[in-house]
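Listed below, chain by chain, are the residues.
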Amino acid sequence: MNLPKQVRLVEVGPRDGLQNEKQPISVADKVRLVDDLSAAGLAYIEVGSFVSPKWVPQMAGSREVFAGIQQRPGVTYAALTPNLKGFEAALEAGVKEVAVFAAASEAFSQKNINCSIGESLQRFLPLLDAARQHGVRVRGYVSCVLGCPYDGFVAPEQVARVARDLFAMGCYEVSLGDTIGTGTAGDTRRLIEVVGRDIPRDKLAGHFHDTYGQALANIYASLLEGVGVFDSSVAGLGGCPYAKGATGNVATEDVLYLLDGLGIATDVDLDRLIAAGQRICTVLGKENGSRVARARLAGA
Ligand SMILES: CC(C)(COP(=O)([O-])OP(=O)([O-])OC[C@H]1O[C@@H](n2cnc3c(N)ncnc32)[C@H](O)[C@@H]1OP(=O)([O-])[O-])[C@@H](O)C(=O)NCCC(=O)NCCSC(=O)C[C@@](C)(O)CC(=O)[O-]
């Protein structure tokens, strides 16, 4: 087995995990979550997004969250920005790394950011220029890489075109999002094979929602294909406001357990992570979405 020796985890819980919550979550609770995650050893945390508050009300306090967190050395605290306006707001909040997000399906692009794929890419150009000027790194996302809630099947070649454009315009890494979590390990390997013709595999990341319970299998398939960066969400929090029925991202605790079993070390303390996940679940009044956390908390 030729697995990557190191894996980088991108913790998206405070953003992807919380953006869909209907109940108000205080800035203090969001700050506590981010601080708990960094204390557990996660080195990359997506803290929030600078998007229209009419579209995603839960992320409206992102500026305050950035102001409240304890920034630990060596940890990247990132934000989602859909356009120059969002980028400028992020910059004002002191954000040092942002992510732009496109989709591989036209219908999802319209529902999520109210424009076509082509228009979204045009919007990102001035953002990437501004980011270069300010020394801000930009990550790219492609949604619906293994299926779209509106258009159904999405061809890997279409994903590859969008990913290639994001990479060519300066995104240092492209995260491939299985937004609705329908993809299988076979689909994942084919996708990486196609996208990997244009983009080095060490510049790709996997972002698997676990709606159909395939996320860990898809991560393993990605590892076999040489991808070594994965997005995950503590306690499996989340869903997507524009993908009905989608559950959260794969739980970070479950990914750690998988990696540990493969002999791939991370610097994350699983017990502290489980405590962080359980705390936010208590705040939200939700069951913990991590099977590993549930098992450990039950004494298994
Ligand atoms: C992109 C827009 C803004 C277009 O929305 P729009 O309505 O077409 O924008 P607009 O340019 O016409 O502006 C309309 C209003 O929004 C304001 N506005 C404009 N931009 C901003 C901004 N950045 N921040 C704050 N406000 C903004 C603007 O100032 C104006 O305010 P008004 O004059 O009406 O008071 C909107 O559709 C939007 O904010 N969408 C965000 C959707 C979102 O956050 N989705 C979830 C994240 S993506 C995701 O979860 C998938 C991912 C990444 O995890 C991977 C995966 O799983 O697939």
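This report concerns the structure included in the present document.

About the cut-offs
All residue numbers refer to position in the chain's written sequence, counted from 1. In keeping with the model being predicted, local features are shown solely for residues with a pLDDT of at least 70 and side-chain atom pairs are shown and tallied solely at 80 or more, while totals for entire chains, interfaces and linings include all residues. In computing side-chain values, all of the structure's heavy atoms are included and hydrogens and water are not. Helix and strand definitions here come from DSSP, where helices need a minimum of 4 consecutive H or I residues and strands a minimum of 2 consecutive E residues; each element is numbered from the N-terminal end. By convention in this text, a residue qualifies as near a molecule or strand provided that one of its non-hydrogen atoms is within 4 Å of it. N or O atoms within 3.5 Å of each other form a polar contact, as long as, within protein, one can give a hydrogen and the other can take it, and as long as residues adjacent in sequence are counted only when both atoms are side-chain atoms. Note on aromatic contacts: the rings of Phe and Tyr and the six-membered ring of Trp form a pair at centre separations within 6.5 Å, being stacked when their planes are under 30 degrees apart, edge-to-face when over 60 apart, and tilted otherwise. As a reminder, the over-ring test applies to NZ of lysine and CZ of arginine, requiring each to be within 6 Å of the ring centre and within 35 degrees of the ring normal. For the exposure calls, accessible area comes from a 1.4 Å probe over protein chains only, and a residue counts as buried if that area is under 20% of its type's maximum, exposed if over 50%, partly exposed in between. For two strands to count as paired, DSSP must find a minimum of two bridges between them. A clockwise course of the path from the first strand over the helix to the second, judged with the strands pointing away from the viewer, identifies a crossover as right-handed.

Let us look at unusual backbone geometry. The backbone of Asn114 shows a phi angle near 60°, a positive value even though the residue is not glycine. Position of Asn114 among the secondary structure elements: in the loop between helix 5 (106-113) and helix 6 (117-134).

Next up on the list: the site of the ligand. Of all residues adjacent to the ligand, which total 25 residues, the nearest are Ser52, Asn112, Asn114, Ser143 and Thr179. At 2.6 Å from an oxygen atom of the ligand is found a side-chain nitrogen or oxygen belonging to Ser143. A distance of 3.0 Å separates an oxygen atom of the ligand from a polar side-chain atom of His209. Those elements that place two or more of their residues in the shell around the ligand are helix 1 (13-17), helix 4 (84-92), helix 5 and strand 5 (137-143).

A few words now on the packing of aromatic side chains. A ring pair, where both rings are aromatic, is described by two values, the distance of the centres and the angle of the planes. What the rule picks out here adds up to two aromatic pairs. Measuring from ring centre to ring centre gives 6.5 Å for Phe108 and Tyr150, while their planes differ by 35°; the resulting arrangement is tilted. On the criterion of sequence distance, the pair formed by Phe108 in helix 5 and Tyr150 in the loop between strand 5 and helix 7 (156-168) is long-range, its members being 42 residues apart. A cation over a ring is seen here: Arg137 above Tyr172, with NZ or CZ 3.8 Å from the ring centre. The ring of Tyr44 has Arg139 lying over it, and the distance from NZ or CZ to the ring centre is 5.9 Å.

Right, let's get into the pairing of strand 3 (residues 76-80). Buried residues dominate strand 3, accounting for four of its five residues. Note that strand 2 (residues 44-49) and strand 3 share five bridges and pair parallel. From the neighbouring strand, Tyr44 faces strand 3, where its bridge partner is Thr76. On the question of chirality, the crossover connecting strand 2 to the parallel strand 3 by way of helix 3 (residues 62-68) is right-handed. Two strands pair when backbone bridges link them, and strand 3 and strand 4 (residues 97-103) are joined in this way by three bridges, in the parallel orientation. Each bridged residue has a counterpart across the sheet, and for Ala79 the counterpart in strand 4 is Val98. A crossover connection joins strand 3 to the parallel strand 4 through helix 4; in handedness this β-α-β unit is right-handed.

A word on the pairing of strand 7 (residues 204-208). Residues in a regular strand point their side chains to alternate faces of the sheet. Taking burial as the measure, the five residues of strand 7 include five buried ones, the bulk of the element. When strand 6 (residues 174-178) meets strand 7, the two strands line up parallel, connected through five bridges. Within the sheet, the bridge partner assigned to Leu176 lies in strand 7 and is Gly206. Strand direction decides the pairing type here: strand 7 and strand 8 (residues 229-232), joined by two bridges, are parallel. Bridging across to strand 8, Gly206 finds its partner in Phe230. Note that the unit made of strand 7, helix 9 (residues 215-224) and strand 8 has a crossover that is right-handed.

Purely spatial values, then, with no claim about function.
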